[in-house]
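Commentary on secondary and tertiary structure
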Amino acid sequence: MPKTPAYAVKNAKTPFEPFSIERREPRAHEVLIDIKYCGICHSDVHQVRDEWGRGIFPMVPGHEIVGIVAKLGDKVSKWKAGDTVGVGCFVDSCRECAACKDGEEQFCEQGATFTYNSYERDGKTPTYGGYSTRMVVDENYVVRIPDGIPLERAAPLLCAGITSYSPLKHYGVHAGSRVGVVGLGGLGHMAVKLAHAMNANVTVLSHSPDKRQDALRLGADDFIATRDAQVFTQHAKRFDFILDTVSAQHDYNAYLGLLQRGGTLVLVGLPEPSPLSAGPLIMGRRQLAGSLIGGIRETQEMLDFCAAHGVASDVEVIPIQQLNQAYERLLKSDVRYRFVIDIATLQNE
Ligand code: NAP
Ligand code: ZN
Ligand code: ZN
């Protein structure tokens, strides 16, 4: 196959620049996907800056991928050429452990193969993500994009969508649940739309007071500006469930105090560590938990739920040449509400 155009960072201190990668011919059970759009997740920012350590460079990020099946391995049974498909945060796993058998491949006991900044099952071939024109993926790690969701608005569902949907489902959020969403960014805006579609009563807690109108438009019932510390007393014990999507260090203890007896705070944002006190957990038998994306089966369920409820991401589509500026804006919470790269701008380069 000819070289595949991509954008990469050479190390954690350098900006994105054009790069080219090898994609193999699809093996028996693999499909070749022509990538149309790729979302920019805040995890991409953490990883290119090597904030989580163990970064593999050069790095081609991107795990919110939608495209069209272009070529099939000779044993592929699930897909045909022309199908509209998505690839999320992982592209393979051991397929044998308890987690894989339960359809929770993200927790694979042998370690899932993540879409980029990871190694294939051979333990040595680096994976490259969706900031590129095409990729080759095993047919079992691909999902179908239902008709009716515009492709660029579907891309962020592959990470931001499933990362919000999975804990809402796992903790039984239902009609009338009092749900708080902390941080109105890529994950947060999807959490608001999804919880609203589940008929929960949704409140956004944000450090950006100017997002109030947007929060209400996206489906929130209420908005709390968290820069005023008094709100943590005013709204004590208000919520059954809180999803914390914040990408920067902040005080978890304050948010625990907003939970009613037995309520759950689920962390999905992954900032630097911050201190935790036993008090707010003990006083009210509150629970603190974490959640990681979702498995293939649940990702398909989420996409079908979005199609049925008219849910899609609010996006700002950018040409790939604007990647570095988009990263700067993401760090300032200046995005409404997900940057999505139009991969045609890379094809034409
Ligand atoms: P994002 O679009 O940048 O949104 C993060 C939001 O956090 C911002 O919009 C902002 O909301 C809030 N925030 C940012 N800086 C803050 C600060 N200094 N103090 C308080 N609030 C601040 O990021 P994202 O793509 O949604 O990702 C959010 C986090 O989730 C990242 O850490 C990412 O790595 C992680 N993540 C985890 C998973 C998982 O499976 N667990 C999956 C994807 C991403 P307001 O302006 O409303 O305050
Ligand atoms: Zn992500
Ligand atoms: Zn496994």
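Keep in mind the model is a prediction, meaning the values are calculated, not measured.

For a metal with four donors in a tetrahedral arrangement, the ideal angle between donors is 109.5 degrees, while six donors in an octahedron ideally sit at 90 or 180 degrees. Of the protein atoms, only Cys-94 (SG), Cys-97 (SG), Cys-100 (SG) and Cys-108 (SG) coordinate the zinc ion (ligand 3), at distances of 2.3 to 2.4 Å. Note that the zinc ion (ligand 3) binds four donor atoms; their angles at the metal cover 102 to 119°, and the shape is tetrahedral. For the zinc ion (ligand 3), all donor residues lie on one chain, and their spacing in sequence is C-x2-C-x2-C-x7-C. By relative accessible area, Cys-100 is classed as buried at 10%.

Attention shifts here to the pairing of strand β3 (residues 30-39). Within β3, eight of the 10 residues are buried, which leaves the element mostly enclosed by the surrounding structure. In terms of strand pairing, β3 meets strand β8 (residues 134-138) through five bridges, oriented antiparallel. Along β8, the bridge assignment pairs Glu-30 with Asp-138. As paired strands, β3 and strand β4 (residues 65-72) are joined by seven bridges and run antiparallel to one another. Bridging from a neighbouring strand, Asp-34 pairs with Ile-68 of β4. Alignment of β3 against strand β17 (residues 338-342), held across three bridges, turns out to be antiparallel. Within β17, the position partnered with Gly-39 by the bridge is Val-340.

Coordination of the zinc ion (ligand 2) by the protein comes from Cys-41 (SG), His-63 (NE2) and Cys-159 (SG), over a distance range of 2.0 to 2.3 Å. Mapped onto the sequence, the residues coordinating the zinc ion (ligand 2) show the spacing C-x21-H-x95-C. On the criterion of sequence distance, the pair formed by Cys-41 in the loop between β3 and α1 (42-48) and His-63 in the loop between α1 and β4 is long-range, its members being 22 residues apart. In this structure, Cys-41 and His-63 share a single accessibility class: buried.

Further remarks concern the sheet that holds strand β13 (residues 239-244). One open sheet accounts for six strands, arranged β12-β11-β10-β13-β14-β15; its pairing is parallel. Of all strands in the sheet, those with a lone pairing partner are β12 (222-225) and β15 (287-290), marking the two edges. Pairs of neighbouring strands in the sheet enclose a mean axial angle of 20°, with direction left out of account. As paired strands, strand β10 (residues 178-182) and strand β11 (residues 201-206) are joined by five bridges and run parallel to one another.

This part covers the pairing of strand β16 (residues 315-319). Two strands pair when backbone bridges link them, and β16 and β17 are joined in this way by five bridges, in the parallel orientation. Bridging from a neighbouring strand, Val-315 pairs with Arg-338 of β17. Of the crossover connections in this fold, the one passing from β16 over helix α11 (residues 323-331) to the parallel β17 is right-handed.

Further remarks concern the packing of aromatic side chains. The final tally for this structure, using the stated rule, is six aromatic pairs. Taking the centre distance of 5.7 Å and the plane angle of 50° together, the rings of Phe-16 and Tyr-131 count as tilted. With Phe-16 in the loop between β1 (4-8) and β2 (17-21) and Tyr-131 in the loop between β7 (113-114) and β8, this pair connects stretches of sequence that are 115 residues apart. When sorted by exposure, Phe-16 lands in the same class as Tyr-131, which is buried. Seen from their ring centres, Phe-232 and Tyr-255 are 5.1 Å apart, and the 85° between their planes marks the pair as edge-to-face. On the criterion of sequence distance, the pair formed by Phe-232 in helix α7 (residues 231-234) and Tyr-255 in helix α8 (residues 252-256) is long-range, its members being 23 residues apart. Like Phe-232, the residue Tyr-255 is buried in the burial classification. An aromatic cluster is present here, built from Phe-16, Tyr-131 and Tyr-327 joined pairwise through their rings.

Each value, and the rule that gives it
Residues numbered from 1 in each chain as written. Chains lettered and ligands numbered in written order. Predicted model: local features only at pLDDT ≥ 70, side-chain atom pairs only at ≥ 80, totals over all residues. Heavy atoms only, no water. Donors = N, O, S within 2.8 Å, 3.2 Å for Na, K, Ca; no water. Tetrahedral: all angles 85-135°; square planar, octahedral: opposite > 155°, others 65-115°. Buried < 20%, exposed > 50% of the residue type's maximum accessible area, 1.4 Å probe, protein only. Helix = DSSP H or I, 4+ residues; strand = E, 2+ residues; numbered from the N terminus. Pairing = 2+ DSSP bridges. Axes fitted to C-alpha atoms, helices over the stretch in contact; angles between N-to-C directions. Right-handed = clockwise from strand over helix to strand, strands pointing away. Phe/Tyr/Trp six-rings, centres within 6.5 Å; stacked < 30°, edge-to-face > 60°.

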